[in-house]
Amino acid sequence: MNKGLFSIPIYNQEISMEKMLNEVINQVVKADQWGLQEAYFGEHITDKHEKITSSLMMVATLAKLTKKIKLGTLTTNLNFYNPAIIAALVSMADNLSEGRLMLGIGSGANMSDIEAINSIDKNNHSLTLESERIVKSLLKSETLVNIKSENFTVSTEVYGNKDLGLGYFNDLYNKRNDLDILMPVLNPNSYNVKLCAKNNWSIVISNFCSAEIIDNHINNYLDNSKLDRKEAFKKIKLSKLIFAHKDKAKAEELVFSNKSPYMQVINILFNKLKKFDKHTCFGNNINNTNDAAKSILLYGNPDSISEHITNKYKELSSIIYVTVPITGNDDFDNSLENFSKHVTV
């Protein structure tokens, strides 16, 4: 099993974008040095709590600051752009990172983002899948293109010129054919799970999910995948809010305290999801932040966390640590390092 980190990230509204970005960049650079294998970035264009507006720009930023860690988008919202733009940016990000890009795709989780691009009345999920097919074709195209679908047209035939090199799309790094496509999954019986299983894409189970819903996603992927069980498990990744402290008893005391960045993050998440009646992902009868925290948090010392992951999820592809804001308190701020260096899976 791989270990990774996911910078959604979730901060108080008053925290500056510059401070947030510097913290995220620093965390990923250190994670690479500590041996984590995967890093993911969120994407919202109109969210004061979650300020990363382009996950592909984060991949490009970290590409030359890291050496080995794979860099993933969670998600690149394909319905927001013309497929020609996405194909060009994906190619560039993959070449900058020398083939370390993992492409998470989505259609935008925040309705304020959908409103901002004037897409409230559109079938955004269908647009994303339509765009993905075109992007895949463009990345492998070797001639001028003329692609027409229900909602998109990408053509270079009129002004393309072979002698001048105009009208041609760049390929992935070393013309590779193993770009991993991922989708996040949240609520039980998610359509995305079945879709990814059918297409041999990976899923990233949301850190908002209760244990029962995690099991639901895993079982549904296995039931709908044509891969054998072992290979299907390699397509399932789990993100979790994890607090790793050297003292197991102190970890429980700290993680639920008023100073806890974990409670801050969960409070923001819970209130946002409850506002739009999407908070059932936290589990049944979850009515407040404390209940949500008890449902989704994984905390303890490295040994107890290792044991929990191994006992329940050892067949999965990856366990992904969801980052929280830096506090200036080593009890919290050392958690990612403890996870990276001392949690074994």
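Right, let's walk through the structure included here. (Residues numbered from 1 in each chain as written. Predicted model: local features only at pLDDT ≥ 70, side-chain atom pairs only at ≥ 80, totals over all residues. Heavy atoms only, no water.)

### Some remarks on helix H7 (residues 211-224)
Step number 1: The end-to-end C-alpha separation of H7 is 20 Å, in line with the 20 Å expected for 14 residues at 1.5 Å each.
Step number 2: Within the span of H7, buried status applies to Ile213, Ile214, Asn216, His217, Ile218, Asn220, Tyr221 and Leu222.
Step number 3: If you follow the buried residues of H7, they end up packed against strand E7 (181-185), helix H6 (191-199), strand E8 (202-205), helix H8 (229-233), strand E9 (236-240) and helix H12 (302-313). (Helix = DSSP H or I, 4+ residues; strand = E, 2+ residues; numbered from the N terminus. Expected span 1.5 Å × (residues − 1). Buried < 20%, exposed > 50% of the residue type's maximum accessible area, 1.4 Å probe, protein only. Contact = heavy atoms within 4.5 Å.)

### Quick word on the pairing of E8
Step number 1: Across the two faces of E8 the burial is the same, with Ser202 and Val204 and Ile203 and Ile205 all buried.
Step number 2: Alignment of E7 against E8, held across four bridges, turns out to be parallel. Residue pairing in the sheet places Pro184 in a bridge with Val204 of E8.
Step number 3: Remark: the E7/H6/E8 crossover connection has right-handed handedness.
Step number 4: In this structure, E8 lies alongside E9, joined through three bridges in parallel fashion. Bridged to Val204 within E9 is Lys237. (Pairing = 2+ DSSP bridges. Right-handed = clockwise from strand over helix to strand, strands pointing away.)

### Things to note about the packing of aromatic side chains
Step number 1: A complete count under the given rule lists seven aromatic pairs for this structure.
Step number 2: Seen in terms of ring centroids, Phe243 and Phe332 are 5.5 Å apart; in terms of plane orientation they differ by 35°. Their pairing is tilted. Separated by 89 residues along the polypeptide, Phe243 in strand E10 (residues 242-244) and Phe332 in helix H13 (residues 330-333) bring together distant segments of the chain. No difference in accessibility class separates Phe243 from Phe332, as the two residues are buried. (Phe/Tyr/Trp six-rings, centres within 6.5 Å; stacked < 30°, edge-to-face > 60°.)

### Some points on the pattern of salt bridges
Step number 1: The final tally for this structure, using the stated rule, is eleven salt bridges.
Step number 2: With a closest N to O distance of 3.0 Å, Lys237 and Glu38 form a salt bridge. Of this pair, Lys237 sits in strand E9 while Glu38 sits in strand E2 (residues 38-41); the two residues are 199 residues apart in sequence, bridging distant segments of the chain.
Step number 3: Overall, Lys237 belongs to the buried group, its relative accessible area being 3%.
Step number 4: The buried category is assigned to Glu38, whose relative accessible area is 2%.
Step number 5: Between Lys341 and Glu337 there is a salt bridge; the shortest N-O distance is 2.6 Å. Within this pair, Lys341 and its partner Glu337 are both found in helix H14 (residues 335-342), separated by four residues, close to a single helical turn.
Step number 6: Taking the relative accessible area as the measure of exposure, Lys341 reaches 45% and is therefore partly exposed.
Step number 7: One connected set of salt bridges, linked through shared partners, spans Asp47, Glu50 and Lys272. (Salt bridge = Lys/Arg side-chain N within 4 Å of Asp/Glu carboxyl O.)

### Brief notes about H12
Step number 1: Spanning twelve residues, H12 covers 16 Å between terminal C-alpha atoms, matching the ideal 16 Å at 1.5 Å per step.
Step number 2: Among the residues making up H12, those that are buried are Pro302, Ser304, Ile305, Ser306, Ile309 and Tyr313.

### A short note on the nonpolar core
Step number 1: In this structure, Phe41 and Phe282 are the most contacted members of the largest nonpolar core, which totals 104 residues.
Step number 2: In terms of residues, this core owes the most to one element, helix H10 (residues 261-275), which gives eight residues.
Step number 3: Beyond its immediate chain neighbours, meaning those up to four positions away, Phe282 contacts Phe208, Ser210, Leu269, Phe270, Leu273, Ala292, Ser295 and Ile296. (Core = buried A, V, L, I, M, F, W, Y, C linked by side-chain atoms within 4.5 Å.)

### Things to note about the environment of Ala84
Step number 1: By the secondary structure assignment, Ala84 is in helix H3 (residues 83-96).
Step number 2: For the pair Ala84 and Asn26, spaced 58 residues apart in sequence, the C-alpha separation works out to 32 Å.
Step number 3: Once residues lying within four places of it in the same chain are set aside, the contact partners of Ala84 are Leu138, Val154 and Phe169.

### Things to note about the sheet that holds E7
Step number 1: Pairing is parallel in the closed barrel, where eight strands are placed in the order E1-E2-E3-E4-E7-E8-E9-E12. Along the sheet, successive strands turn relative to each other by an average axial angle of 25°, direction set aside. (Axes fitted to C-alpha atoms, helices over the stretch in contact; angles between N-to-C directions.)

### Some details on the packing of helix H1 (residues 17-34) against helix H2 (residues 55-63)
Step number 1: One can describe the packing of H1 onto H2 by two numbers: an axis separation of 11 Å at closest approach and a directional angle of 55°. On the basis of the axis angle, H1 is oblique to H2. Note on packing geometry: the crossing formed by H1 with H2 is right-handed. On H2, the residues that touch Leu21, Val24, Ile25, Val28 and Val29 of H1 are Met58, Thr61 and Leu62.
Step number 2: Of the residues belonging to the contact of H1 with H2, the class tally is seven nonpolar, one polar and no charged. (Parallel < 35°, antiparallel > 145°, perpendicular 65-115°, else oblique. Left-handed = near helix turned anticlockwise from the far one by under 90°. Nonpolar A, V, L, I, M, F, W, Y, C, P; charged D, E, K, R; others polar.)

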